[in-house]
Amino acid sequence: MGSEGPPTWASKPCIMGIDEAGRGPVLGPMVYGCLYCPLSYQKTLSSLNFADSKTLKEEKREELFENLKKDDSIGWEVDVIDPRELSAKMLRKVKVNLNEISHNSAIGLVTRVLHIGVLLTEVYVDTVGDPEKYRIKLSEYFPGIKFVVAKKADSLYPVVSGASIVAKVTRDKAVRDWVLDETAEAMDRNFGSGYPGDPETKAWLANHKHPLFGFPSLVRFSWGTCTPYFKSMIEVLWECDKDDEEGSSSGSKKRQLKLTNIGFTGCKRKSEEIESNGKGRCKFFQSRKLELVSHFR
């Protein structure tokens, strides 16, 4: 993944482009990619036929990615953000929205490349949110770097086009190689494009939800696309923490749903046998190597 050490030209002034892939889909990770090279290599970069990855066919993107990996005058890095991480952050009590997650990923890539030892003087970024506010935010983090933040930067600046290819090819591979091993016995990979409006994606979501454990790890369960499917799932009400109860305006205490009400039996019947051989246990527990707990402190 990218360069492991500083390239020979790292001490010369360098430019970098940053772009993402997979912001909109309900399936798979969001990937941020960056491409960097010496400022003196900028004209040559323009001749390498990079373009916004969305305008290229998959085979062409992969060919260009292989070419840039072989180029000694180019470095690259990626940040693959797991769908579970995206959903968890967006559903936290203090929510982290998608724009903030995106900004943090871009900041992380700049930090990583600087730590490698690359002298970044100019960074071009495809905007998330207001371009000027984003530029000011980045400039405050890295005052020694000139930032250019623009809409459609992936079609305006070859260095961002290259980053777009890095991000898109990495995401496509991540989705293609994703291991579907939880919540359902027979899972297929016919999930279409992964975008919310795709009928094939919607059908896959409907067929691969679990009444208690929800969706497979490939799914961004915080997306509005998933909300209609929750109606057919088992409702679990959690007992509030004491602090939450005291701080709530209503003062009402939520009751905890008894597991016996939804078909769970206790640990008495053959619990040792089930624990030792794993038979009869949901694949959700098996795949995560979760052990049966019969005593709570």
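Residues numbered from 1 in each chain as written. Predicted model: local features only at pLDDT ≥ 70, side-chain atom pairs only at ≥ 80, totals over all residues. Heavy atoms only, no water.

A. How the structure looks around the packing of helix α2 (residues 58-70) against helix α7 (residues 158-176). The contact between α2 and α7 brings their axes to 9 Å, and the two run at 115°. The angle between α2 and α7 places the two elements in the roughly perpendicular class. When you trace α2 past α7, the crossing you get is left-handed. Side by side, α2 and α7 meet where E58, R61, E62, L64, F65 and L68 of the first sit next to G162, I165, V166, K168, V169, T170, D172 and R176 of the second. (Axes fitted to C-alpha atoms, helices over the stretch in contact; angles between N-to-C directions. Helix = DSSP H or I, 4+ residues; strand = E, 2+ residues; numbered from the N terminus. Parallel < 35°, antiparallel > 145°, perpendicular 65-115°, else oblique. Left-handed = near helix turned anticlockwise from the far one by under 90°. Contact = heavy atoms within 4.5 Å.)

B. Representation of the side chain of T127 in the model. Its location among the elements puts T127 in the loop between β4 (120-126) and α5 (131-141). One polar contact links the side chain of T127 to the main-chain carbonyl oxygen of G129, over a distance of 3.1 Å. Setting aside anything within four residues of it in sequence, one finds T127 in contact with Y134, V149, A150 and K151. (Polar contact = N/O pair within 3.5 Å; in protein donor to acceptor, adjacent residues only side chain to side chain.)

C. Here's a closer look at the nonpolar core. One finds M16, I18, Y36, L120 and W204 to be the most contacted residues of the largest nonpolar core, which totals 47 residues. Among the secondary structure elements, those contributing two or more residues to this core are β1 (14-21), β2 (30-38), α4 (98-116), β4, α5, β5 (146-150) and α8 (199-207). Tallying contributions element by element places α4 first for this core, with eight residues. When near neighbours in sequence (up to four residues on either side) are disregarded, W204 contacts L27, L180, M187, D188, R189, N190, F191, P216, L218 and V219. (Core = buried A, V, L, I, M, F, W, Y, C linked by side-chain atoms within 4.5 Å. Buried < 20%, exposed > 50% of the residue type's maximum accessible area, 1.4 Å probe, protein only.)

D. The packing of aromatic side chains, seen in detail. For the coordinates displayed, the defined rule picks out six aromatic pairs. When the ring of F65 is compared with that of W76, the centres are 5.2 Å apart and the planes differ by 75°; the resulting orientation is edge-to-face. In this pair, F65 sits in helix α2 while W76 sits in strand β3 (residues 75-81), placing the two residues eleven residues apart along the sequence. For the pair F65 and W76, a shared accessibility class is recorded, and that class is buried. Centre to centre, the rings of Y124 and Y157 are 4.8 Å apart; their planes meet at 40°, and the pair counts as tilted. Placement of Y124 in strand β4 and of Y157 in the loop between α6 (153-156) and α7 is noted, with a sequence separation of 33 residues between them. A relative accessible area of 8% places Y124 in the buried class. An aromatic cluster is built from Y141, F142 and F147, whose rings are joined through pairwise contacts. When the ring centre of F65 is taken as origin, the NZ or CZ atom of K69, which lies over that ring, is 4.8 Å away. (Phe/Tyr/Trp six-rings, centres within 6.5 Å; stacked < 30°, edge-to-face > 60°. Lys NZ or Arg CZ within 6 Å of the ring centre and 35° of its normal.)

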